[in-house]
Amino acid sequence: MNGLLFVCLGNICRSPLAEGIVRARLQAAGVDGQVRIDSAGTGDWHIGRPPDPRAIAVARRHGIDIAGLRARQLVERDFHDFDWLLCADRQNLAVVRRRAPAGAPARVSLLLDAAGLGESAEVPDPYYGDEADFEQVFALLSDAADGLLQRLRQGA
Ligand code: 4NP
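So, a few notes on the structure that sits alongside this text. (Residues numbered from 1 in each chain as written. Predicted model: local features only at pLDDT ≥ 70, side-chain atom pairs only at ≥ 80, totals over all residues. Heavy atoms only, no water.)

A separate point is the nonpolar core. By size, the foremost hydrophobic cluster in this structure holds 38 residues, and its most contacted members are Leu 4, Phe 6, Leu 17, Leu 111 and Leu 148. Going through the elements one at a time, β1 (3-8), α1 (14-28), α2 (53-61), β3 (84-87), α5 (111-114) and α6 (131-153) are the ones with two or more residues in this core. Considering every element that reaches this core, the biggest residue donor is α6, with 9 residues. In this structure, Leu 4 is in contact with Val 35, Arg 36, Ile 37, Asp 38, Phe 82, Trp 84, Leu 86 and Leu 148, ignoring residues within four places of it in sequence. Residues Leu 5, Leu 74, Val 96 and Val 108 belong to the second largest nonpolar core, which totals 14 residues. (Core = buried A, V, L, I, M, F, W, Y, C linked by side-chain atoms within 4.5 Å. Buried < 20%, exposed > 50% of the residue type's maximum accessible area, 1.4 Å probe, protein only. Helix = DSSP H or I, 4+ residues; strand = E, 2+ residues; numbered from the N terminus. Contact = heavy atoms within 4.5 Å.)

Our next topic: the pairing of β1. Taken across its 6 residues, β1 has 6 buried, putting it largely inside the fold. Side chains of β1 alternate between two faces, with Gly 3, Leu 5 and Val 7 and Leu 4, Phe 6 and Cys 8 buried alike. The sheet contact formed by β1 and strand β2 (residues 36-41) spans 6 bridges and is parallel. For Gly 3, the partnering residue across the bridge sits in β2 and is Arg 36. Between β1 and its parallel partner β2, the chain crosses via α1, and the hand of that crossover is right-handed. Alignment of β1 against β3, held across 4 bridges, turns out to be parallel. Paired with Val 7 across the bridge in β3 is Cys 87. (Pairing = 2+ DSSP bridges. Right-handed = clockwise from strand over helix to strand, strands pointing away.)

Following this line, the structure appears as structure tokens:
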């Protein structure tokens, strides 16, 4: 796992949070230069926009700054530039699998599955939720980051 792309629908809530949390963990471990980390959305509605203010706020409450991130849409190159495309839910997993070019090297998986948190477990979409939903998503993504770091340490 030396290139991780986190994928959700809008790239303004779940995947930028995942990106920020995992990057912070890698920095804390002193290995952030060794793993390429990014995030993207399957949808195009929010391209160029910063993360949702509620996502920025929950990250900030936990000491992580994601305000500088900008949303982008998944592109074909991503299937070559990253070795893992980690999807927030089954809907996005299906879209990403459909868009995968034949023969591209990237492995496509549910994020929580790759993190060892359950085979078909999903990160719930907090977009129509409230602050508590964002806190719940943050906690889930923190657990996922721990699982991913463990895998990275094992050389997976
Ligand atoms: P995300 O959340 O996929 O976690 O970034 C959403 C953001 C925007 C929308 C849906 C989910 N939307 O419908 O615009």
